[in-house]
Number of protein chains: 2
Amino acid sequence: MEGLHSVTSIVPAKCAALDCAICADLEPAAKLELSRIARVRTYRAGETILAESDEIGFVGNVVSGVLRLQKTLHDGRQQIVGLMLPSDMFGRVFAQTSHVAIEAATDATVCCYSRGSFEQLFLRFPELEHRMLAAISRELDAAQDWMLLLATQSVSERLATFLLILRRKKAATAGFDAGPLVEVPVSRRDLAAYLGTTVESISRAVQQMARAGIIRIIDPQRFEIVDRQRLIALSNHDPQEFDPAAPRTRRFG
Amino acid sequence: MEGLHSVTSIVPAKCAALDCAICADLEPAAKLELSRIARVRTYRAGETILAESDEIGFVGNVVSGVLRLQKTLHDGRQQIVGLMLPSDMFGRVFAQTSHVAIEAATDATVCCYSRGSFEQLFLRFPELEHRMLAAISRELDAAQDWMLLLATQSVSERLATFLLILRRKKAATAGFDAGPLVEVPVSRRDLAAYLGTTVESISRAVQQMARAGIIRIIDPQRFEIVDRQRLIALSNHDPQEFDPAAPRTRRFG
DNA sequence: CGAGCAATTGAACGCTGTCAACCCGAGTGG
DNA sequence: CCACTCGGGTTGACAGCGTTCAATTGCTCG
């Protein structure tokens, strides 16, 4: 039954308001067509949106909440290979099955398009396909960045990088530097699975940074970045990469 | 000067012979247009094809040899985030700068298309863009698989998985199971940078597998997989994923 | 033959995974 | 109102794997 999702009519407004990657500044005709096939779905924290090797029925973007993309090893260990925040797109086109499981890390609402219908629109609105290509390219960039992060030995490095990425992402979506407060949108367990380590190591690294005066712990999910320079040094990345004074350096040279 | 690359005229034949992702089974008109803008370039081992944050002037696919995509940390450590083997595509469309450096890991020849001209062809041959989208999707899948690999703690697991991937890839491009011989196309140093560890750890893992009778070392770059079952068990992956009896399981469920 | 590099081997330290106990707030029921 | 439970987070002790440093081997090339 589709009855639970009868909020369809408010979809265009929601997506437009969000200025999400796929809708923003699209020609009106395309926007209208998109809104016709859009469906809003809501998920509770922990619900599975798409299981590993499931058939891909739809693509969509996150309106609110956090999704986790994860893969499971044969022995049961789970690794998170991506976190989707509001405005991110998920799912694939021109592919039958997913290689990752998609779950709601928090309560979440997403805006979905049937994959078939979405692909049909490519024929009439090539701009849509361009955007899809751009979205996947960004995801690949993020994945490669994350590979760099996972390959570094120290948990502190990974955590520092993660916090800096969160801060940059927040500033990017807000359009301005939103201050030193960083909200980690997931539990310690998810964070550990994302950083490729354990909850215990995460906890130690967090507390150590706090004792060193680099961050201040407001509550388990919220930190204040006190000493950004030392955090950047700890992350072992190019300072410019996370310097808000020159945020365009990385993407636009 | 473009003089060094005057072999342009043989490009179409080469690409067609290779059956590379972008040319194979393309409509003749598109193939012709592609061949018009194609250029063959050759690189010596160690040469840089594209530096990190360079402007992206062209896309292409590997004809022979191996390219490494790598990122550099601020302290000088280098991490390889991808190896491009013959038939793989590299470069980006709709992006100004690269986030990774591309270097020749061995002597290599590549078939390049100017990025601008390539994007122009999208307008007349949408199929081209579909294939580009598919190629990037595959790369993203590979990246996510590799993230899973990097997050696993044991070096043996990573090495075992890498060997199995190499074997599967060889079988896939050959079209049939090419036997237990696996050629590692890169040096120990590159291998270590790819697996996120050190040459010493690589060496220990290799020798240990050999002592255990799982592989046989022919020379530092060539191994024979003696006991595939134990290698799969060591990799900690789903046995079906690397079982040649059911190679389609993973991609098509 | 010696220089130089890749690969291997050995020894020691350190980080982190593992196991365990503990703290704390929320929800529940007496 | 308190006792209890449960889950998330933190802290401690310890062992193991892997990085690091160092030395050795084997090979290619000049």
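Quick rundown of the interface of chain A and chain B? Include the residues and the values.
Listed by partner, the interface residues are 39 residues for chain A and 39 residues for chain B. Looking at the side of chain A that touches chain B, the elements with two or more residues in it are β5 (78-84) and α4 (126-151) of chain A. With 18 residues, α4(A) is the single largest residue contributor to the side of chain A that touches chain B. Class assignment of the residues belonging to the side of chain A that touches chain B gives a composition of 19 nonpolar, 13 polar and seven charged.

Hey, could you go over the relation of the copies chain A and chain B for me, with residue numbers and the actual values?
For the match of chain A to chain B, the screw axis carries a shift of 0.0 Å, the RMSD comes to 0.1 Å, and the turn is 179°. In the structure described here, the two chain copies are related by an operation that fits a two-fold rotation axis. Comparing interface residues between copies, 100% of those in chain A also sit at the interface in chain B, which points to an isologous, same-surface contact.

Any details on the protein's contact with DNA strand D? Residues and values, ideally.
Lining the immediate surroundings of DNA strand D are 18 residues, of which R188(A), S203(A), Q207(A), T197(B) and S201(B) lie closest. Of all the elements in the fold, those that place two or more residues in the surface near DNA strand D are α6 (188-195) and α7 (199-211) of chain A together with α7 (199-211) of chain B. Residue contributions to the surface near DNA strand D peak at six residues, all from α7(A). Along the lines of polarity and charge, the residues of the surface near DNA strand D split into four nonpolar, nine polar and five charged.

How would you sum up the packing of helix α5 (residues 155-174) of chain A against helix α8 (residues 228-235) of chain A? Please name residues and give values.
All names here are of chain A. For the pair α5 and α8, interaxial distance at closest approach is 7 Å and the crossing angle is 130°. If you check the angle between α5 and α8, you find them oblique. In the packing of α5 onto α8, the handedness of the crossing is left-handed. Judged by residue contacts, S156, E157, A160, T161, L163 and L164 of α5 engage L231, I232, L234 and S235 from α8. Residues belonging to the contact of α5 with α8 are distributed by class as follows: six nonpolar, three polar and one charged.

With reference to specific residues and values, describe the sheet that holds strand β2 (residues 48-50) of chain A.
Strand order in the open sheet made by the four strands is β2-β7-β4-β5 (chain A), with antiparallel pairing throughout. Here the strands that pair on one side only, and so sit at the sheet edges, are β2 and β5 of chain A. The sheet shows a mean angle of 35° between the axes of neighbouring strands, direction not considered. Against the sheet, α6(A) engages β4 (67-72) and β5 of chain A, with an angle of about 100° to β5(A). Here helix α4 (residues 126-151) of chain B sits on the sheet in contact with β4 and β5 of chain A, set at roughly 130° to β5(A).

I'd like to hear about the sheet that holds strand β5 (residues 78-84) of chain B, residue by residue, with values.
Backbone-to-backbone hydrogen bonds join strands into a sheet, with any given pair of strands oriented parallel or antiparallel. Residues and elements named next belong to chain B. Spatially, the four strands line up as an open sheet ordered β2-β7-β4-β5, and their pairing is antiparallel. One side of each edge strand has no neighbouring strand; the edge strands of this open sheet are β2 (48-50) and β5. Going across the sheet, the axis of each strand differs from the next one's by a mean of 35°, ignoring polarity. One ladder, built from four bridges, connects strand β4 (residues 67-72) with strand β7 (residues 101-104); its direction is antiparallel. Bridge pairing in β7 links Q70 to A101. Running over the sheet, helix α6 (residues 188-195) touches β4 and β5 and is turned about 100° from β5.

Rules behind the numbers
- Residues numbered from 1 in each chain as written.
- Chains lettered and ligands numbered in written order.
- Predicted model: local features only at pLDDT ≥ 70, side-chain atom pairs only at ≥ 80, totals over all residues.
- Contact = placed C-beta atoms within 7 Å.
- Helix = DSSP H or I, 4+ residues; strand = E, 2+ residues; numbered from the N terminus.
- Nonpolar A, V, L, I, M, F, W, Y, C, P; charged D, E, K, R; others polar.
- Least-squares fit on C-alpha atoms with pLDDT ≥ 70 in both.
- Near = placed C-beta within 6 Å.
- Axes fitted to C-alpha atoms, helices over the stretch in contact; angles between N-to-C directions.
- Parallel < 35°, antiparallel > 145°, perpendicular 65-115°, else oblique.
- Left-handed = near helix turned anticlockwise from the far one by under 90°.
- Pairing = 2+ DSSP bridges.

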